[in-house]
Every structure is written in C-alpha cells, then in structure tokens.
Amino acid sequence: MSRCLAERSIDHVVLERGEVAHSWRTERWDSLRLLTPNWQSRLPGFTYQGDDPDGYRTMPQVIAFIQSYARAISAPVQTHTEVTSVRSIDDGYLVQTNQGDWRCRTLVIASGACNIALAPAFASMVPASIASLTAQQYRNPSQLAEGGVLVIGASASGTQIAHEVQRSARPVTLSVGEHIRAPRIYRGKDLQWWMDATGLQDARYDEIDDISRARNVPSLQLAGTPDRSTLDLNALTDIGVKLVGRIVGMREDGKAQFAGSLHNMCAMSDLKMGRLLDTIDTWASENGLSAIEPPSRLPPTKVEASPPLGMDLVKHGIKTIIWATGYRPDYSWLNVPVLDRKGMIRHDGGVTATPGLYLMGAPFLRRRKSTLIDGAGDDARDLSAHLASYLDGSGRHPNSRITASTAMLSPGLA
Ligand SMILES: Cc1cc2nc3c(=O)[nH]c(=O)nc-3n(C[C@H](O)[C@H](O)[C@H](O)COP(=O)(O)OP(=O)(O)OC[C@H]3O[C@@H](n4cnc5c(N)ncnc54)[C@H](O)[C@@H]3O)c2cc1C
C-alpha cells in the first residue's frame, strides 16, 4: 500500500509497533517456511529474481525479503510506534501512539489478520500438570517436556507442528476438525501454481456465493519443505501420529472429549480435494496442457475404525497441548464504530462504511489470494485508487493541523 500511495504522490506514514516484518520475527515457529513458493510472493514492482523460484522461504529469508522491499520502495516506516487508539475527528482520524499523536485524512488498517491465537473457552480447564501453548507461542520441540503432545487443529499450522513434534520422539495425538487436504505437487507442478494459473486465487469477493463462509475456511494443509512432500494426515499416521476427532470439551481432571465426526471430516476433505483436482484437470485439458503428467489421486485418508471419543490426558502421558485452532485480528485500539458483533471490521472489499477508513490483509478481502502476501499488491492497487478519489473528492490541500494525508498500520509488508 505504501508503494501504491507513493506512486500516486499521496503523503503517508507507516506506523509499526516493532521492526519491519514484526509478526514474522516474533510470532512464528523456528522451522516454519512459507507454504507459498518463492515466485508467488509478488509485490508491486517486485518479482522473484533468485535461482530457486520453486523453493519456500525460511523465516529469516521472509524477514530479509520484506525488509529489503521496504528499503527499495523507501517506505516511510516509523518503527517501535504502537498505535494505542484510533478515533474519528472532524477532518479524518486521530491516531494515538506510544510516540505521540498523528492526525490523518485517511487511514489504512494493515495490522494483520493473525494477531491473536484462538483457543476454545474450555482451554482454561487444562490441568496445571499439562503445559498448554498456542501455535503462536510454539517455537521448537526442545521447549516441550518429554512425553506425549496433543496438537489441536489439522490445518497448515497444526499438521506442520504435529510432524515436527512427532519426529522429536514425543508421541503426538492430533485432534482433527474441518481441514482442506491438498497434494503439494500435482501433475508435476506446485499446487499453488495450479491455483494461480486456473484463476482460483483471483476469485473475487463479490462473485463468491457465501463470502462470509469463504473468509472463514481453514488454511490449505500444505507445508513448504525442501523435498516438496505432501503433508496430509496419511503422512502423519505413517510416522506414528494418532488421529482423534475435533476436541469438544475438557474437564479439570484432564479428560478430553472428541467429536465422533473424524470419519466424516476426512471423507469430506478427500471429496473436496477431488473436486479441486477435477477443476484443475478440466482447466488443463481446456488449455492444452495434456503433455504434462496424467491426472492422479491420493489414496483416501486412513482413519482407524473406532477413534476414541475421550481421553484421560494424564493417564495417556500427555504433557503438552498445542492449540493450532486459528487466529484472529486484534482491534482493541480501534475506537471507530466499524466492528461487527464478532469484533471483525465490516467492510466491502476493504472499504469501510466510515469515509476514508480502509482495511488490508484480511482473508479473502477482495480476492481469494488476499489471504496471502501475493494478494496484497492487487488489493493495494484497488484500494489506493479508491482512497485517492476519496481524497480528491474531499479536498487534498495541506491543512496545518494534518500531519499526514494517510497513516497506515502497519508495515508487515512495507
Ligand atoms: C503461521 C502463518 C503462516 C503463514 N504462511 C504464509 C505463507 O506461506 N505465504 C503467504 O503468502 N502468507 C502466509 N501467511 C499469511 C501472511 O501472514 C499474510 O498474508 C501477510 O503477513 C499479511 O501481511 P500484513 O502486513 O497484512 O500483516 P502482518 O504481516 O501480520 O503485519 C501486520 C503488522 O502490523 C503490526 N501491528 C499490529 N498492531 C499494531 C499496532 N496497534 N500498532 C502498530 N503496529 C501494529 C504488527 O507488528 C505487524 O508487523 C501466514 C500466516 C500465518 C499466521
């Protein structure tokens, strides 16, 4: 967004509570690599020029990439500037920070969609003898006690953490709810290549039947590993991970209850994966890609006949629970009435009902790929055009009380 505003000569500042790429520095586990290939993190004016377009960036590489982008575009970032309050004033917004106040005509909220790790209310019932942490707090297996680990959630975070922890000789039980299974490589190409080429990533928010559902679907069960292997539930059971259903309750004595839906969840996921691959196959034949590898299907997900509906975690030797049950944004500092009853910003493709207030970086904001780094560029182009015409309409002349035309929170990407 900073790059797009600069192209339009819109005076702006980017406020960041930490360093550039703060969330990648502080909220991810050590071994994480992007699940999107290098070529796919395209930003305005940037395409990957390295010699490993199909590789997956490590966290230090992601930080270096975002930092170098910020430098290349001379983004006006004010680091270590935490926004503590935003409210409307007559001619725009008053932004209070730990480094003083800013006034601006327009404001782009780009403070991230994953600030808070979610866990169900009953997570507080976990007995004191069992450590409990979220995917945001997890760093590597060495921080965990020896013994069993219950990982809750089987999307990208949960499956990757389960894989790493199981291989550290801590037996993992994985609680599986709704998830989206996908092969890493299909017909010789990365699944993300197919999602991009077929236009699935470009699907627009205003052309989707149920956008609120689409904004809440779990992440694809993908991992970015050097061997480009598929990390699905079969890969996990092959190394000894035990699957149980979605966790539905926890008692103070450490007895966990699991839903009886494991078979259905897995069958549904297999079915949806089949539909996705059918769409890809149809597109491939319509677009003359018949010379590539022929279509194939993964075997169905293996599930034991009667997975347990409950588990005495203490007796079972579980020493740690890792909640990989999703994330949500933190808007506790936002004092503008744009939040719905779930605390999410109401918006139409990033444009809020409050003039001059915009949102970036939320799932399926304007396109399916808005969830990814790769989606930020197109969203920023669209929203900066809207913002510019708003400023033109409302008069863009400098006002002595206005210190910036636009403030942005914050520069995960700029
Ligand atoms: C575990 C995980 C893995 C992911 N893997 C991938 C992947 O492989 N590929 C991909 O494309 N995308 C991935 N994503 C999604 C990716 O994080 C987003 O696409 C991208 O980070 C969005 O950038 P952003 O700048 O909107 O948000 P963020 O990167 O979250 O940046 C938001 C910034 O706002 C700052 N901030 C927040 N509140 C305040 C405040 N009050 N005051 C000042 N600053 C504030 C934060 O410090 C942070 O630096 C992943 C997300 C997670 C959680």
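For the structure, see preceding data.
Keep in mind the model is a prediction, meaning the values are calculated, not measured. (Residues numbered from 1 in each chain as written. Predicted model: local features only at pLDDT ≥ 70, side-chain atom pairs only at ≥ 80, totals over all residues. Heavy atoms only, no water.)

Help me understand the sheet that holds strand S16 (residues 255-258) in this model?
In spatial order, the strands read S15-S16-S17; together these three strands make up an open sheet with antiparallel pairing. The sheet terminates laterally at strand S15 (247-250) and strand S17 (310-312), the two strands that pair on one side only. Strand-to-strand, the axes of this sheet are offset by a mean angle of 20 degrees, without reference to chain direction. In the sheet, S16 pairs with S17 via three bridges, with the strands oriented antiparallel. Each bridged residue has a counterpart across the sheet, and for Gln 257 the counterpart in S17 is Gly 310. (Pairing = 2+ DSSP bridges. Helix = DSSP H or I, 4+ residues; strand = E, 2+ residues; numbered from the N terminus. Axes fitted to C-alpha atoms, helices over the stretch in contact; angles between N-to-C directions.)

Help me understand the side chain of Gln 221, please; the structure alone is not making it clear to me.
Take Gln 221: it is sitting in strand S13 (residues 220-221). In this structure Gln 221 comes out as buried when scored by relative accessible area, which is 1%. With residues near it in sequence (within four places) discarded, Gln 221 still touches Ala 154, Ala 156, Thr 159, His 179, Ile 180, Arg 181, Ala 182, Leu 231, Asp 232 and Leu 233. (Buried < 20%, exposed > 50% of the residue type's maximum accessible area, 1.4 Å probe, protein only. Contact = heavy atoms within 4.5 Å.)

Hey, could you run me through the site of the ligand in this one?
Neighbouring residues of the ligand: 26 residues in total, closest Glu 16, Arg 17, Leu 35, Thr 36 and Ile 373. A distance of 2.6 Å is found between an oxygen atom of the ligand and a side-chain nitrogen or oxygen belonging to Glu 16. Contact distances for the ligand include 2.9 Å between an oxygen atom and a side-chain N or O atom of Arg 17. Out of a free accessible area of 980 Å², the ligand has 91% covered by protein chains. For the shell around the ligand, the leading source of residues is helix H2 (residues 22-26), giving three residues. Tallied by class, residues from the shell around the ligand come to 12 nonpolar, 10 polar and four charged. (Near = heavy atom within 4 Å. Polar contact = N/O pair within 3.5 Å; in protein donor to acceptor, adjacent residues only side chain to side chain. Areas by Shrake-Rupley, 256 points an atom, 1.4 Å probe, with all protein chains shown as cover. Nonpolar A, V, L, I, M, F, W, Y, C, P; charged D, E, K, R; others polar.)

In this structure, what is going on with the environment of Ala 110? I would like to understand it.
In this fold, Ala 110 is placed in the loop between strand S5 (100-109) and strand S6 (116-117). The class of Ala 110 is buried, set by a relative accessible area of 18%.

Any chance you could explain helix H9 (residues 373-394) here in plain terms?
One turn of an α-helix holds 3.6 residues; hence residues three or four places apart share an orientation. Its 22 residues place the ends of H9 31 Å apart at the C-alpha level, agreeing with the 32 Å of an ideal helix rising 1.5 Å per residue. Helix geometry: H9 is bent most strongly at Asp 379, by close to 25 degrees. Along H9, the residues that are buried comprise Ile 373, Asp 374, Gly 375, Ala 376, Gly 377, Asp 379, Ala 380, Leu 383, Ser 384, Leu 387, Ala 388 and Leu 391. (Expected span 1.5 Å × (residues − 1). Bend = angle between axes of the 7 residues up to and from the residue.)

I'm lost on the nonpolar core in this one. Help?
General note: in soluble globular proteins, nonpolar side chains tend to be found buried as a group. Formed by 40 residues in total, the largest nonpolar core has its most connected members in Trp 24, Tyr 138, Val 165, Leu 174, Leu 233 and Ile 322. Where this core is concerned, the elements lending two or more residues are helix H3 (59-72), strand S8 (148-152), helix H4 (156-166), strand S9 (172-176), helix H7 (233-238) and helix H8 (262-286). Considering every element that reaches this core, the biggest residue donor is H3, with seven residues. With residues up to four places along the chain from it excluded, the contact list for Trp 24 reads Leu 34, Met 59, Val 62, Ile 63, Ile 66 and Ile 373. In terms of nonpolar packing, the next biggest core, distinct from the first, is built from 35 residues, Cys 4, Val 83, Tyr 93 and Leu 391 among them. (Core = buried A, V, L, I, M, F, W, Y, C linked by side-chain atoms within 4.5 Å.)

Explain the pattern of salt bridges here, please?
Pairs can form between side chains of opposite charge once their charged atoms are near each other. Scanning the entire structure with this criterion turns up 27 salt bridges. Between Asp 253 and Arg 251 there is a salt bridge whose closest N-O contact spans 2.6 Å. Note that Asp 253 and Lys 255 form a salt bridge whose closest N and O atoms lie 3.4 Å from each other. Relative accessible area serves as the criterion here: at 37%, Asp 253 is assigned to the partly exposed category. The class of Lys 255 is partly exposed, set by a relative accessible area of 34%. Within the structure, one salt-bridge network assembled from shared partners comprises Arg 187, Asp 278, Asp 281 and Arg 297. (Salt bridge = Lys/Arg side-chain N within 4 Å of Asp/Glu carboxyl O.)

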